[in-house]
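Given next are the chains, with one letter for each unit.
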Amino acid sequence: MKKFDKDRLLLAAAGPALALVSAFVLTMIVLAASGVDPIDPLRIMIEQAGYEDIQVLIVNQAGIYFLAALAVAIGFRMNLFNIGVDGQYRLAAMLSAVVGAAVSLPGPLHVLLIVAVAMLTGAFWAGIAGVLKARRGVSEVVSTIMLNAIATSLIAWLILPKNFGVQPAGSNDLTTGDIPESGWFPAVSLPGGDIYGFTFVAFALGVVYWFVLNRTRFGFDLRASGASESAAQASGVEPKKMIMTSMLISGAVAGLTGMPLLLGESHTYNLSFPLGIGFTGITVALLGRNNPVGIFFSALLIAFIDKASAGLDTAGYAKEIGTIMQGLIVIAVVVSYELVRRYGIRRQQQKVGEELAAGHAIKTEKEVAA
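The rules we used
- Residues numbered from 1 in each chain as written.
- Predicted model: local features only at pLDDT ≥ 70, side-chain atom pairs only at ≥ 80, totals over all residues.
- Heavy atoms only, no water.
- Helix = DSSP H or I, 4+ residues; strand = E, 2+ residues; numbered from the N terminus.
- Buried < 20%, exposed > 50% of the residue type's maximum accessible area, 1.4 Å probe, protein only.
- Contact = heavy atoms within 4.5 Å.
- Lys, Arg positive; Asp, Glu negative; His and termini not counted.
- Charge placed at Lys NZ, Arg CZ, Asp CG, Glu CD.
- Expected span 1.5 Å × (residues − 1).
- Polar contact = N/O pair within 3.5 Å; in protein donor to acceptor, adjacent residues only side chain to side chain.
- Core = buried A, V, L, I, M, F, W, Y, C linked by side-chain atoms within 4.5 Å.
- Salt bridge = Lys/Arg side-chain N within 4 Å of Asp/Glu carboxyl O.
- Patch = residues over 30% accessible without salt bridge, like charges linked within 9 Å, V, L, I, M, F, W, Y side chains within 5 Å.
- Areas by Shrake-Rupley, 256 points an atom, 1.4 Å probe, with all protein chains shown as cover.
- Axes fitted to C-alpha atoms, helices over the stretch in contact; angles between N-to-C directions.
- Left-handed = near helix turned anticlockwise from the far one by under 90°.
- Nonpolar A, V, L, I, M, F, W, Y, C, P; charged D, E, K, R; others polar.

A.B. asks: Whenever I open this one, the overall build of the protein chain confuses me. Can you help?
C.D. replies: Of the regular secondary structure elements, the protein chain holds 14 helices and two strands. The principal-axis extents of the C-alpha atoms in the protein chain amount to approximately 100 × 55 × 35 Å. When the 370 residues of the protein chain are sorted by exposure, 44% land in the buried category. Considering only residue pairs separated by 6 or more positions, the protein chain has 76% of its internal contacts joining residues 24 or more positions apart. Where the 26 positive side-chain charges of the protein chain centre and where its 25 negative ones centre are 13 Å apart.

A.B. asks: Explanation requested: helix H13 (residues 292–308) in the structure shown.
C.D. replies: Given 3.6 residues per turn, any residue in an α-helix points the same way as the ones three and four places further on. For H13, spanning 17 residues, the distance from its first C-alpha to its last is 24 Å, which sits close to the expected 24 Å at 1.5 Å a residue. Buried within H13 are the following residues: Pro292, Ile295, Ser298, Ala299, Ile302, Ala303, Ile305 and Ala308. Two or three places before Val293, at the start of H13, stands the capping residue Asn291, its side-chain oxygen 2.9 Å from that residue's backbone nitrogen.

A.B. asks: Would you mind showing me how to read the nonpolar core here?
C.D. replies: Considering soluble globular proteins, one finds that nonpolar side chains tend to be buried as a cluster. In this structure, Met259 and Tyr269 are the most contacted members of the largest nonpolar core, which totals 89 residues. In terms of residue count, helix H3 (residues 52–77) provides more of this core than any other element does, 15 residues in total.

A.B. asks: Help me understand unusual backbone geometry in this model?
C.D. replies: Where the residue is not glycine, phi is negative for most of them; where a peptide bond is considered, it is trans in most cases. The phi angle at Asn79 is positive, at roughly 65°, despite the residue not being glycine. Looking at the element boundaries, Asn79 is found in the loop between H3 and helix H4 (85–102). Positive phi values are uncommon outside glycine, yet Asn290 reaches one of about 60°. The exposure class of Asn290 is buried, given its relative accessible area of 15%.

A.B. asks: What is the right way to read the pattern of salt bridges from this model?
C.D. replies: Opposite charge on two side chains permits pairing when their charged atoms draw close. Inspection of the entire model under this criterion finds seven salt bridges. Notably, a salt bridge pairs Asp86 with Arg90, separated by 3.2 Å at the nearest N-O pair. Taken as a pair, Asp86 and Arg90 lie in helix H4 at a separation of four residues, close to a single helical turn. By relative accessible area, which is 4% here, Asp86 ends up buried. With a relative accessible area of 6%, Arg90 lands in the buried category. Residue Glu338 is joined to Arg341 by a salt bridge in which the shortest nitrogen-to-oxygen separation is 2.7 Å. Of this pair, Glu338 and Arg341 both sit in helix H14 (residues 321–369), three residues apart, which is roughly one turn of that helix.

A.B. asks: Where do I start with a nonpolar patch on the surface in this structure?
C.D. replies: A cluster of nonpolar side chains, namely Leu18, Val330, Ile331, Val334, Val335 and Leu339, defines an oily patch on the protein surface of about 490 Å² accessible area. Looking at which element gives the most residues to the nonpolar patch, the answer is H14, with five residues. Tracing the backbone shows Leu339 in helix H14. Among the residues examined, Leu339 registers a relative accessible area of 48% and is labelled partly exposed.

A.B. asks: Would you explain the environment of Phe200 in this entry?
C.D. replies: You can see Phe200 is positioned in helix H7 (residues 197–215). Counting along the chain gives 118 residues from Phe200 to Ala318, while the straight-line C-alpha distance between them is 33 Å. Each residue touching Phe200, except ones within four places of it in the same chain, is listed here: Val188 and Ile195.

A.B. asks: Just checking my understanding: could you explain the side chain of His110 for this structure?
C.D. replies: Structurally, His110 can be placed in helix H5 (residues 107–136). Separated by 2.7 Å, the side chains of His110 and Ser182 make a polar contact. Setting aside residues no more than four positions away along its own chain, His110 makes contact with Gly100, Val103, Ser104, Leu105, Ile179, Pro180, Ser182 and Gly183.

A.B. asks: Explain H3 to me, please; I cannot follow it from the model alone.
C.D. replies: Over its 26 residues, H3 extends 36 Å from the first C-alpha to the last, a length consistent with the 38 Å expected when each residue adds 1.5 Å. Counting buried residues in H3 gives 20 out of 26 residues, a clear majority hidden from the surface. Directly beyond the C-terminal end of H3, a positive phi value near 65° is found at Asn79.

A.B. asks: In this structure, what is going on with the packing of H5 against helix H11 (residues 259–266)? I would like to understand it.
C.D. replies: Each pair of packed helices can be summarised by the angle the axes make with each other and by the distance between the axes. With their axes 11 Å apart at the nearest point, H5 and H11 run at an angle of 150° to one another. Crossing handedness for the pair H5 and H11: right-handed. Seen from H5, the contacting residues are Val111, Ile114, Val115 and Ala118; seen from H11, they are Met259, Leu262 and Leu263. Looking at the contact of H5 with H11 residue by residue, the class counts come to seven nonpolar, no polar and no charged.

By themselves, these figures tell us nothing about what the structure is for.
So this is what it looks like as structure tokens:
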């Protein structure tokens, strides 16, 4: 058992390690083929990460990615591919910002109301895909992609001045109005800037995710349903109920993705609110293998690439090098994990063969002795 656990741990670490090394090598090849020094941009990015303000930006961005990846990971554990995290998060941020700007409550209650609206909105939007999957067998990939497009159009309509939007004087921007200070989440001040207070809530949710998934009956039912729907059903678990539940929880966590930025810095939803966070969350969840510790370090890595690559412009390099690196990481993750999976299967088959051969040899020796 100890040997098996050791092998399983090594295989679990081999996937991310191989993916990162492959992505690093491929990035250097692409840069060299483009006539760009393959080493200097990476050196600059590492130097950028040494500045305190960049470090704060990385931690803040990592908290946002961490929440998006948790939402994706919950779906993955149920064998569901929730591609709609981006739409769920943006719609939740927009509606919670509208509510937050429209009411006036004591600090803690104001923040709780905004968070509750965000979670309910995200859960509702993801629940639509859950109903379609559980009741009609519609692929959650197709439905969540379409819901992303619908969410984008719905937000564009809701934020018009004739609805819930506000257009500042002399600006072409549209916002939902400013949330009063009672609805702000306290930040942690450091020499390099302020770390969003909700970032620590995000990381704490990773502990909750691990505990629920690995130490509760619900977590066992979720993992069992994702591994084998028929086996889970035979043991008394309702797969359709688990689909709905996991999509609702995934959507609720997705709704929280915008809270670090909304409650910690912008205090309003506007046209410049980040896009694509949900899709980056897929990369982070895959690289972290749906494990909260792996997701944490993956979120830091992707956030590092995001923020450190922004300084490449001043050195004469295109900041899109960071985007290339992220894309190569996605490709490397898919290929590396499949290679490691196949190796693991072959290794397990080899071990079983060796154990059977050893058992046969012992039996033969006993027969000869008899």
